[in-house]
Structures are given as C-alpha cells and as structure tokens.
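Secondary and tertiary structure notes
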Amino acid sequence: VNAKEMLGIDDLEDDMRILCDNLVFNKTPDATEDMLTRTAYERACMDARKKGVPPPRKPRGQMPNLPRMQFSYDSVPPKPATEPPLPVSDAARNHVPNPYLNSNITHPKILEYRAKSSHPNKSLNINYSQGASLYPESFPHFVRGRDSLREYITSLFTSQISIYDGAMGTMIQNYSKRNKLEEEEYRGDRFKEWSCNVKGNNDMLSITQPHVIAGIYKQYLEVGGSNLIGTNTFSSTTIAMADYEMEAYVYELNYESARLAREVCDEVTAKDPTKPRFVVGAIGPTNRTGSISPSVEDPAARNVTFDELVEAYFEQVVGLVDGGSDILMVETIFDTLNAKAALFAIGEYLEMTGLDIPVFVSGTLVDQSGRTLSGQTGEAFYASIRHAKPMCVGLNCALGAEHMTPFVERLAKCVECFVHVYSNAGLPNAMGGYDETPDDMANGNEVFFKNGWLNMVGGCCGSTPPHIKAIREMSEKYKPRKLPDVGRPKMWLSGLEDLVVDDVHNHLGLPFLNVGERCNIAGSLKFKRLMMAGNYSSAMDIAKQQVEDGAHVIDINVDDGMLDGLAAMQKFVKIAVTEPEIAKVPFMLDASKFEIVEAGLKWCQGKPIVNSISLKVGEKLFKEQATLLRKHGAAVVVMAFDEEGQAATEEEKVRICKRSYDMLVNEVRFPPEDIVFDPNVLTIGTGMEEHSNYGVDFINATKIIKEICPYVKISGGISNLSFGFRGVTKIRESIHAVFLHHAITEAGMDVGIVNAKEMLGIDDLEDDMRILCDNLVFNKTPDATEDMLTRTAYERACMDARKKGVPPPRKPRGQMPNLPRMQFSYDS
C-alpha cells in the first residue's frame, strides 16, 4: 500500500461509502456506472481547484426511497377475480345477451355501409338468433340470443385451456399443392375480367371459392377440435384491399367469410351441443402503420392517418357482425397505434348498437428483443390497449413457441384478463416454410400449460389441423391460467416501455412523477425559439436531455399565437415517437385548445396524459371531452376551474375537484386512477397578503382531495410557485424543494411539471435557506417575503461576483434563532 494515502472506512463521506460498497460487493447493476460518474465529478473538482473556480454540482447518486403517503383505500386487500375487467357499457356490465338480430340495428352510419355493399344479394340474412329451447340452459350448452357470451367465455376459459384454430394461409397453400388454385380460380366467374392480378388475395376466396374456405374451417373444428375459429378476413379492409383495387368489396368479403364460418360452426355444434363452436371475426393490422415513417428522410411522414384506420376498421366490423361473428379479434399487431384505431372503431360500433361483443387482442413481438415492430415491449403494448377492456390478450405470429416463452411469461404476469398464444410452427426455413411437426409444436407449447400462463391456445403460420389436434391433446393435461386477484387500481402509462405511476420514485427518492417541462413553449425560451424556427431536430435533443435528467414523462406544449399549434403538435409527436430515447417514456400532451391535444393523441401508440380539461367550458362539453379521452385510453389532467373561474382557496379547490370527480367517475365512467387533479399552484412571495397562503392552501387541499376522491393523482406546475423570484435558480429550486417535500410526504401529491435537472432535495438546502423557504411556503412570519427577497439579492450578487471573478459579498444573516438564557435557582 501507499500508507500516506490510505483512508479509514469512517473517513468516507456517506454517499461515497455507499458507492464503494455497491462496487466492491457487486450489489447493483449500475455500480460501475455510478462510480464512473462520481469519478468524473472528482476530476472536475480537481480541475476547478487548479483554475480557482467554483466546483461543479455533486452528483446525487442513489437516494433512499421515501414512503408514499397512505390513504384508507390503499389498505383494501386484493380479492379474487370472477371475470375479466368489464367494458363501460351497460350491456357488458349487466351481461346482456347479444340478440343476434342485426336487422334491428339501424344507426345511420351502419346503414350507410350496408347500402354501399357490393353484394349481389340486397336482401341478405343478418340475423342469427336461435330458439331459446334449442339446447339445455346450463353450461356447457349455449344458445344465441338466450345466453350471455361474456359469461360463457368466462366459464369456458376458467374450466379448460380452450382451443383456437391454426393458419389459414398455410392451409390455402396446402390446398393449392393438391388442387389448381391459380389466378383463374382466385378470380372465379365473378371477377373474370378484373383489372389487376389477384392471386394471393386469400380473403377473396370466401367469395370466389367458398367451398375451399368452408372446408378449412371444418377441418379445424373437426380434426383440430377448435372451440373458436377465426374468419378469413385478415386483409379485408379498404386499406389492404387497395392493393387489388377491391376496396368496394370490403363489406361483402367480411360478411361472406363470417357467414361461412357461422354455418360451419353451427353444423359442427349441432353434432355435439355440449361443445359449442364460436366465430371470431379476425381483424388484421393492414399493410400500413401509423407510428412508423415510410421515408428515411422525413420521420414525420406517414402513409395513413388514425381517422383513416378507424373508418377502414369500422366498415370491417359492420361486415363481420352482420355475417354472424360472435367475437372480434384485433390480431397480429405490429403497431399498437393501428390496434388502438381498430379498438376505437369497435368501441364506436358497440356504442351505436348497444351490443356486448367480447373483444380479443393479439400482439406480435417481431424478434428476440421482445418488442413490436413499432418498438413497444409486451407490457407497454398491454398498457396501451387495456382501456378497451379486452376479454383476452395474447401474442401470435413472428416466433415459434420456444422463442416466445420469456415474453409470454411476462405478459401472463401483468395481464388482468385471459391470456392466449398462437405461435408459428417454429421459425421459417430457408424456403420460407415451417418445419415443426405437430408433436414438435405441442411440446413447444407445453411450457405455457405447465406454468399456468394460458386460457386459450392455437397456431399461426405453418400450423394445420393436425398441429392444433396435438396441441389440444397436450393441453388437456393442464389447468388454465387463473385470473389475477383484483387489487387497488393504479395509473398505468406507456411509451415504448410501461410505467406504473403509483409505484414510481424519482431521482430524489420521492414518490413523485417528474413531468419534464422543457418541451413547453411557456417553460423554455430555447424550445420556443427552436419551434418558431421549425428546428424539430434540435427540439428533440431537449426532449432526450430531459429523459436523461430524470423526467419520467415528457410534457409537450406548443401553445403560441404565432405558431400553428395543430400542425406543430402533430409533427412533434410524429417525430418523437420514432426516437427511442424519447419515445420510451410516456407523453403529456398539453394545450389550451382541446383539438390540439386530440390531434396529438391520434399519433401516440402508447398511453399518454392529456393536459387538460376543466368545467370552465361547462358540464356538457366537459363530459364530451372526457368521454372522448376515455375512448382513446388517455389519462387526463383536470384543472380546478369551473364556470365561475379559477380556484384559489383551499375550499374552492376541494369543491371543484370533488364535483369534477363525481361527474367523471359516475357519469362518464372514467377510471378514477387515470384522473390527475391540478388544484392550481399559484405564486407566493409577491408582497400581496392575499397570495401568502397559496402554498398552504394547495397542500391542505391536496390531502383532502386525495381522501375524498379515491385513486386520483394530484399535480401542479411547480415553477408557478416561485415565479416572483425568477432569474435566480437556487432560490426557486430551494422553495420548490420545501414545498414538494411536504406536499408529497404529508399530503400525497404525486405528479408535477418540473425541471428534473435543477431539482433539489430538502436535505440539499443550507439550514438558513431551509428556514427561509419554510417561512415563505407555510406563511409562518409576516417578513417571510422580505427576508427571501434579501436572500435573493445576495444570491444574485454572488452570481455577478462569480462572473467577474471577485470574492462574493457577505451573506445576510437573516433571522437568527434565539438562544436560551442561562437559568439560576431563583429563576424557577
């Protein structure tokens, strides 16, 4: 050793000892990175001493997490789930059976799509109800129009691992090897003179070669033993059919595919009514993507919009339901934004019809990274679509069962509803085929059954009825996945990765969500200059830096009278979602005009927060805006404003927030955990007496709102608090540190729009600064503002001295604590 340089363990600063402990004993995966950061700081301090300049700010390192304030509803124990989470409709919540009398559905938009149908028969049968006495009234029997399919699926999926079908494309290819299936057969008589080649358009075979498709359906039911089969409609949208110039035939394609499946299912069910068979309307992803630019040069370019996707999917849904589908499945999702558009369209259809039709959702993770093509993890994918309350969620395609295993496990741990898998028959070989035998595929799926991860299983590319039969026989030895217990609801956001807000701690160890403020025109002059100049690339650098500095969510606000906010919001979001370092976190879409946040929302594949709505616009519009946000799956900031103005006092903050809460939860059916109240952080230290208690009013109101509005979050624009001390960051961040510490740990504040890089912990403050801030925030002394202004003048003078390279002025003493007088016997 070098004895001169040796240190005793007690010579180390506490934070240095923690860093060394973590490194020496390999306690954390970031130990080396943390020590390198500290090393860079110590080297910078050495350089500063040589140059005679102030040292840089010390890196904080890992802070201990402070406990989250608990309320009465936090201690309610989880309870067993009896069914998957229910959609908001009365029909779903009350398990109202679908009457299957589609001719009674007369909404103008649905009639419009039926009227423009290409089907030669203008008097189609669209009713599929069955006589109530057709089969016995108890499970496992099922009668359409008499029984709730939601209840039946719950009974089926909790009593056995149910069987879906296998690949349609593989079966069509196999058929074509044994029979002639060329351009002529694809066209049939109906499309003999069609203007372009149609071979490969498998969906049109439901019209031109219905016996082929019906035969495939029947094989999966009789050989495979499937409980449910998907319709031959993977590409039956106007968007995908544009490749074959067949957009006008979309309703007919969906109707005929579903009708064929319906007829075959009913035929097979009649042979054994104890095993009803169901039609799943298959809704594919289309051949366009809302989240990915088709141009290398222009990351904001898109070849389809959200609204175009919604319209395309809506028409498909009308055809599928009119054809007799029991269930709707949004499948093979490689871009969650497309899936959200499909779910939005389904939601609109169900609202117009008043029906309860179960919805399944199936994502596709494209490789061993465990992410979709648009970059989301499985957990983020689920968090993005769970607002639609799907009855079953799972994965299909892209990978074989073996390669899916870790991702299925992760999904099964987080999904609140039923879980399914229909994997490929292994990975494709050099010729694009699939080599797994039925036994291989069954063995590959067994790990899912053994671990109790699945409620439904099937096959995708390369699978055939014998594959499904082997999987079914393997699954019969195992029990299905148990629905997870229902616990306290939590806000679950997502970007490319998921984020459970109620479990977050920030870089200071506070149970608090840092919303980065720097991509806000009102919060950053640099950002404003870049946006006004149209320099989106450099604006992205600001967003990236915020994430690096500790922002969990990025606030995006482009409100300015000289800027086209609608266009700017859309362009910023479209570029940001293509930048992994930014898009990994959720967004807060922030604007004074609702149409601007709505436009941004339509480009977010994740689950964002919208900032904000309020009762300022009146009850009717407030509820309309909240309903639309609920349909998109966004969380929402609700300002403490009403028709009379902004809430300033504690009483007004509480009154407006409680009124808003009751309206949102009881009338709009908005999830309470997705509500963020902003009771207005107002400026203190202005010299006006009526402003002095604003900090106290906010903190007191926060606690009461959290008590009387279960599961909500409380947020605020923290920079507003110290606006009177702008220009001196140390003063402002010191005030924020005291305010936030008490608001978070003693009142339950959860969220705030902050500059994470500049944030201070309460223990970072000098003792005298802490006293000054305490007096100001809690309005403890009449001189609190004056004392802080004096300290602000001193800190500003220190800044000037550093710039000039001269010694700093003497520090103002401020109010000194009185020392006790010595006591003698006669004093007592």
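Before reading on, note that the structure itself is shown above.
Here we summarise the structure given alongside this text. Not measured: the values here are computed from a predicted model. (Residues numbered from 1 in each chain as written. Predicted model: local features only at pLDDT ≥ 70, side-chain atom pairs only at ≥ 80, totals over all residues. Heavy atoms only, no water.)

Topic: the sheet that holds strand E20 (residues 751-754)
- On the basis of which strands lie adjacent, the open sheet formed by eight strands has the order E19-E18-E15-E14-E13-E12-E11-E20 and parallel pairing. Looking at the sheet topology across the chains shown, the edges are occupied by strand E19 (713-714) and E20.
- Here strand E15 (residues 635-639) pairs with strand E18 (residues 675-678) via four bridges, running parallel. Following the sheet pairing, Val636 is matched in E18 by Ile675.
- Running over the sheet, helix H20 (residues 565-576) touches strand E12 (553-557) and strand E13 (587-590) and is turned about 175° from E13. (Pairing = 2+ DSSP bridges. Helix = DSSP H or I, 4+ residues; strand = E, 2+ residues; numbered from the N terminus. Contact = heavy atoms within 4.5 Å. Axes fitted to C-alpha atoms, helices over the stretch in contact; angles between N-to-C directions.)

As for the side chain of Arg277
- Among the secondary structure elements, Arg277 is positioned in the loop between helix H11 (250-271) and strand E3 (278-283).
- Of note is the side chain of Arg277, whose polar atom sits 2.9 Å from the backbone oxygen of Leu221.
- There is a polar contact of 2.9 Å between the side chain of Arg277 and the backbone oxygen of Ser226.
- Setting aside anything within four residues of it in sequence, one finds Arg277 in contact with Leu221, Gly225, Ser226, Asn227, Arg262, Cys265, Val268 and Thr269. (Polar contact = N/O pair within 3.5 Å; in protein donor to acceptor, adjacent residues only side chain to side chain.)

Some words on the side chain of Arg150
- In this fold, Arg150 is placed in helix H5 (residues 149-159).
- Excluding its chain neighbours within four sequence positions, the residues that come into contact with Arg150 are Glu83, Leu86, Pro87, Ala92, His95, Asp356, Ile357, Pro358 and Met391.

Quick word on the pairing of strand E11 (residues 513-516)
- Side chains of E11 alternate between two faces, with Leu513 and Val515 and Asn514 and Gly516 buried alike.
- Across four bridges, the pairing between E11 and E20 is parallel. Residue pairing across strands places Gly516 opposite Val754, the latter belonging to E20.
- Pairing of E11 with E12, which is carried by two bridges, proceeds in the parallel orientation. Pairing of Val515 across the sheet is with Val553, part of E12. (Buried < 20%, exposed > 50% of the residue type's maximum accessible area, 1.4 Å probe, protein only.)

A closer look at helix H23 (residues 619-632)
- Helix length check: H23, at 14 residues, gives a terminal C-alpha distance of 20 Å against a target of 20 Å (1.5 Å per residue), a fit within 8%.
- Every buried residue belonging to H23 is among Phe622, Gln625, Ala626, Leu629, Arg630 and His632, and all of these are buried. The arc that holds every buried residue of H23, seen down its axis, measures 160°, which confines them to one face.
- Along its buried surface, H23 packs onto helix H12 (306-322), helix H13 (336-353), helix H22 (594-601), strand E14 (609-613), E15 and helix H24 (650-668).
- Following H23 by one or two positions, Gly633 has its phi on the positive side, about 85°. (Expected span 1.5 Å × (residues − 1). Arc of directions from axis to C-beta.)

What to know about a nonpolar patch on the surface
- Where nonpolar side chains cluster on the molecular surface, the patch consists of Leu23, Val24 and Phe25 and spans about 320 Å² of accessible area.
- As for its position among the elements, Val24 is in helix H1 (residues 14-24).
- Classification of Val24 by relative accessible area gives exposed; the value is 62%. (Patch = residues over 30% accessible without salt bridge, like charges linked within 9 Å, V, L, I, M, F, W, Y side chains within 5 Å. Areas by Shrake-Rupley, 256 points an atom, 1.4 Å probe, with all protein chains shown as cover. Salt bridge = Lys/Arg side-chain N within 4 Å of Asp/Glu carboxyl O.)

Examining the packing of aromatic side chains
- Enumeration according to the criterion identifies 22 aromatic pairs in this entry.
- Here Phe139 and Tyr152 contribute two aromatic rings whose centre-to-centre distance is 4.9 Å and whose plane-to-plane angle is 45°, an arrangement assigned as tilted. Note that Phe139 is positioned in the loop between helix H4 (108-115) and H5 and Tyr152 in helix H5, a separation of 13 residues in sequence.
- A relative accessible area of 39% places Phe139 in the partly exposed class. (Phe/Tyr/Trp six-rings, centres within 6.5 Å; stacked < 30°, edge-to-face > 60°.)

A short note on the sheet that holds E3
- Across the sheet, which stays open at both edges, the eight strands sit in the order E1-E8-E7-E6-E5-E4-E3-E2 with parallel pairing between neighbours. For this open sheet the edge positions go to strand E1 (162-163) and strand E2 (228-230), each flanked by a neighbour on one side alone.
- Sheet analysis places E1 next to strand E8 (residues 456-459), joined by two bridges and oriented parallel. When the bridges of E8 are listed, Ile163 appears paired with Val457.
- The strands touched by H11 within the sheet are E2 and E3, with E3 carrying the most contacts at an inclination of about 160°.

Things to note about empty space enclosed by the protein
- Inspection of the entire model under this criterion finds four cavities of 30 Å³ or more.
- Counted as a void, the largest cavity has a volume near 90 Å³.
- Lining the largest cavity are 13 residues, and of these Gly495, Val577, Ala583, Phe587 and Gly606 sit closest to its centre.
- Classifying every residue of the lining of the largest cavity gives eight nonpolar, four polar and one charged.
- Of the volumes computed, that of the second largest cavity is approximately 60 Å³.
- Along its surface, the second largest cavity is lined by Val96, Asn98, Tyr100, Phe142, Asp147, Ser148, Leu149, Arg150, Asp326, Asp356 and Pro358.
- Class assignment of the residues belonging to the lining of the second largest cavity gives a composition of five nonpolar, two polar and four charged. (1 Å grid on protein atoms, 1.4 Å probe; cavity = no way out; pocket = protein on both sides within 12 Å on 5 of 7 lines; lining within 4 Å. Points joined across faces, edges and corners; volume = space filled by probe spheres on them. Nonpolar A, V, L, I, M, F, W, Y, C, P; charged D, E, K, R; others polar.)

With respect to H20
- In this model H20 runs 16 Å from its N-terminal to its C-terminal C-alpha over 12 residues, within 8% of the 16 Å that 1.5 Å per residue would give.
- Where the residues of H20 are buried, they touch helix H18 (525-532), helix H19 (536-548), E12, helix H21 (580-583), E13 and H22.

Re the packing of H4 against H12
- Put simply, H4 and H12 touch, their axes get as near as 10 Å, and they point 80° apart. For the element pair H4 / H12, the angle class is roughly perpendicular. Residues Lys109, Ile110, Tyr113 and Arg114 of H4 pack against Glu311, Phe314, Glu315, Val318 and Asp322 of H12.
- Tallied by class, the residues present in the contact of H4 with H12 amount to four nonpolar, no polar and five charged. (Parallel < 35°, antiparallel > 145°, perpendicular 65-115°, else oblique.)

Quick notes on the environment of Pro87
- Counting through the fold element by element, Pro87 comes out in the loop between helix H2 (31-51) and helix H3 (90-93).
- Spatially, the C-alpha atoms of Pro87 and Gly347 are 9.4 Å apart, while their sequence positions differ by 260 residues.
- With near-sequence residues (within four places) excluded, Pro87 lies in contact with Ala92, Arg93, Arg150 and Lys389.

Here we look at the pattern of salt bridges
- The full count for this structure, using the stated rule, is 63 salt bridges.
- For Asp502, the salt bridge is made with Arg488, and the minimal N-O distance between the two is 3.0 Å. Of this pair, Asp502 sits in the loop between strand E10 (498-500) and E11 while Arg488 sits in the loop between helix H17 (465-475) and strand E9 (492-494), and the two are 14 residues apart along the sequence.
- Between Glu624 and Lys620 there is a salt bridge, and its shortest N-O distance comes to 2.7 Å. Placement of the pair is Glu624 and Lys620 together in helix H23, with a separation of four residues, close to one helical turn.

Some remarks on unusual backbone geometry
- Between Phe139 and Pro140 the backbone carries a cis peptide bond, its omega angle lying at 15°.
- Summarising the element assignment, Pro140 is placed in the loop between H4 and H5.
- The omega torsion of the bond from Asn611 to Ser612 falls at 15°, within 30 degrees of zero and hence cis.
- With respect to the helices and strands, Ser612 occurs in strand E14.
- Backbone geometry places His95, a non-glycine residue, at a positive phi of 55°.
- Relative to the elements of secondary structure, His95 occurs in the loop between H3 and H4.
- Look at Thr286: it is not a glycine, yet its phi comes out positive at around 70°.
- Of note, Thr286 is situated in the loop between E3 and H12.
- For Thr286, a relative accessible area of 10% corresponds to the buried category.

Structural measurements only, silent on function.
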